[in-house]
Every structure is written in structure tokens, then in C-alpha cells.
Amino acid sequence: NAGVTQTPKFQVLKTGQSMTLQCAQDMNHNSMYWYRQDPGMGLRLIYYSASEGTTDKGEVPNGYNVSRLNKREFSLRLESAAPSQTSVYFCASSHTQLNTEAFFGQGTRLTVV
Amino acid sequence: GIQVEQSPPDLILQEGANSTLRCNFSDSVNNLQWFHQNPWGQLINLFYIPSGTKQNGRLSATTVATERYSLLYISSSQTTDSGVYFCAVEGYSGAGSYQLTFGKGTKLSVIP
């Protein structure tokens, strides 16, 4: 049982390049999330998908787009990467959006130069 | 939105010592989780504890939802306990949605 799997683990981009971070969960969870972690800031929610077919903005959505491809997969896209998007990105999932435990992937360390 | 404050921000312990980490939150919450982020960056679930007390080995947690705080107890600390401990609370964020909001964490260093 792999839980939440993210790819890639590491990525270096040049300013202006685009990329997609992939996330998949095998726990049959309905809700999925993307967070970013910056030094001293804790984790902040970028986007979430409460259920298949829906997506909503979180606390820091600017510069990102998401796609809930199916129940298992939730991708995060940077259309034109900026140095301010240098961060560690975490994907998470939970059974439902409310009152259930969230589980996290291993993270993607992204550097934009 | 909900504010989550963790204390202390940094903690250094001698191996074998006990410690208490605190999480205060500003509003009613639906659930609360404690995580350990190990030195490799992995977030490990410790407790899902919207209220009451739970124990898992040397770790235990207590949430008093009516007073808006939670405590994480680490007993007989080991060097493998080092890392950052996060508290995260789920609360209403408006427009019918709920979000998990993280505190900034407590960085624990356990020295031999």
C-alpha cells in the first residue's frame, strides 16, 4: 500500500519554464490537496479538490493550476515558473474534506533559478 | 481564517528527557492532527485527535477543544525524535469549505 505518491522528488526549473507535479493516492480517498512549505512558514494550502470533478483555491493559489484527473490523481501545474515558487510541495489526501485524517506524500523539492 | 500557534518554536533536549509541545488555535475546529517531519522532510502522522487523549508508545496527545489547545507529550526522548512537529487544525474557511491550517512547527533537537 503506497499511500500518496508524488513525482518528481526533485526538480530545477529556469524562470519562465512550465512543469506539472503529479500526485496519486491508492486509499480510495475523495479529497486531495496541494500544499507548499517554505522555511519558517509551515505548510500553506495552494489548491484542493473536495471530490472528483471539483477544485477550489486555497490560501496561496496565484501562479498555479490544478487538475483532478480522476479519483486517484491530482496534478499541480506551474505555467511560468518564478523564483518565488521555489519551495517544497506536498500532496495530501483524506477520505472526505471534513473530519477525516489527512495523509501526505513525500514531497517535491522545486528550485526555480 | 483560523490562527494556529505552536510553542516553543525551538527545543533542545538531552536524550532521555521529557517534553511538552503546545498548540493553540483561535476558533472552533473539526479536527486536529499532529505530524512529525523527519530530517528527510517526510511528514509522518502522529495523532488524529479532535478531542480527548491518545497514546502511542512514548508519545501521547491531549486536545481540549473547548479551551482551544492541544498538547503533545514526548517521554524518554530519543535522537530519532528530532525533527519538526506540526499541529494542523481543520476549520471552516468560508463558502462551504473546510481547510487544514498548519502551525509553524516546533523544531526539536535531541542530543545524545
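Just so it is clear, the model here is predicted, and its values are computed rather than measured.

Draft legend 1. Broad picture of the layout of surface pockets. Taken as a whole, the largest pocket spans an internal volume of roughly 680 Å³. Taken together, 34 residues make up the lining of the largest pocket; nearest its centre are Q37, V88 and R109 of chain A together with Q37 and G41 of chain B. Residue assignment for the lining of the largest pocket shows that the elements contributing at least two residues are β4 (31-38), β9 (87-94) and β11 (108-112) of chain A together with β9 (83-94) and β11 (106-111) of chain B. The class makeup of the residues in the lining of the largest pocket is eleven nonpolar, 17 polar and six charged. Taken as a whole, the second largest pocket spans an internal volume of roughly 430 Å³. Around the second largest pocket, the lining is made up of 19 residues, and of these E59 of chain A together with I2, Q3, T101 and F102 of chain B lie nearest the centre. For the lining of the second largest pocket, the leading source of residues is strand β10 (residues 97-102) of chain B, giving four residues.

Draft legend 2. Broad picture of the packing of aromatic side chains. Tallied over the full model, the rule gives nine aromatic pairs over all chains. With a centroid separation of 6.4 Å and 75 degrees between ring planes, the pair formed by F90 of chain A and F104 of chain A is classed as edge-to-face. Here F90 of chain A is found in strand β9, whereas its partner F104 of chain A is found in strand β10 (residues 102-104), with 14 residues between them in sequence. Across the pair, F104 of chain A and F90 of chain A agree in class, each one buried. Through pairs of rings, three or more aromatic residues link up here, namely Y33, Y35, F90 and F104 of chain A together with F35, F86 and F102 of chain B.

Draft legend 3. Layout of unusual backbone geometry. Here the residue pair T7 of chain A and P8 of chain A is connected by a cis peptide bond, since its omega of -5 degrees sits within 30 degrees of zero. Locating P8 of chain A in the fold gives a position in the loop between β1 (4-7) and β2 (10-13). Of note, the amide linkage connecting S7 of chain B to P8 of chain B takes the cis form, showing an omega dihedral of -10 degrees. Looking at the element boundaries, P8 of chain B is found in the loop between β1 (4-7) and β2 (10-14). Its identity is not glycine, yet R68 of chain B carries a phi of approximately 60 degrees, on the positive side. Even without a glycine there, the phi angle at S76 of chain B is positive, about 45 degrees. Assessed through its relative accessible area of 39%, S76 of chain B is described here as partly exposed.

Draft legend 4. Main features of empty space enclosed by the protein. Residue and element names in this part refer to chain B. On inspection of all chains with the given rule, the structure shows one cavity of 30 Å³ or more. Roughly 70 Å³ of volume is contained in the largest cavity. Among the secondary structure elements, those contributing two or more residues to the lining of the largest cavity are β4 (31-37) and β10. The element contributing the most residues to the lining of the largest cavity is β10, with three residues. Looking at the lining of the largest cavity residue by residue, the class counts come to four nonpolar, six polar and one charged.

Draft legend 5. Region of the structure containing the pattern of salt bridges. Residue and element names in this part refer to chain A. Taken as a whole and judged by the stated rule, the model has four salt bridges over all chains. Across the pair R77 and E79 runs a salt bridge whose closest N-O atoms are separated by 3.1 Å. Look at R77 and you get partly exposed, because its relative accessible area is 28%. Note on E79: relative accessible area 43%, which makes it partly exposed.

The rules we used
Residues numbered from 1 in each chain as written. Chains lettered and ligands numbered in written order. Predicted model: local features only at pLDDT ≥ 70, side-chain atom pairs only at ≥ 80, totals over all residues. Heavy atoms only, no water. 1 Å grid on protein atoms, 1.4 Å probe; cavity = no way out; pocket = protein on both sides within 12 Å on 5 of 7 lines; lining within 4 Å. Points joined across faces, edges and corners; volume = space filled by probe spheres on them. Helix = DSSP H or I, 4+ residues; strand = E, 2+ residues; numbered from the N terminus. Nonpolar A, V, L, I, M, F, W, Y, C, P; charged D, E, K, R; others polar. Phe/Tyr/Trp six-rings, centres within 6.5 Å; stacked < 30°, edge-to-face > 60°. Buried < 20%, exposed > 50% of the residue type's maximum accessible area, 1.4 Å probe, protein only. Salt bridge = Lys/Arg side-chain N within 4 Å of Asp/Glu carboxyl O.

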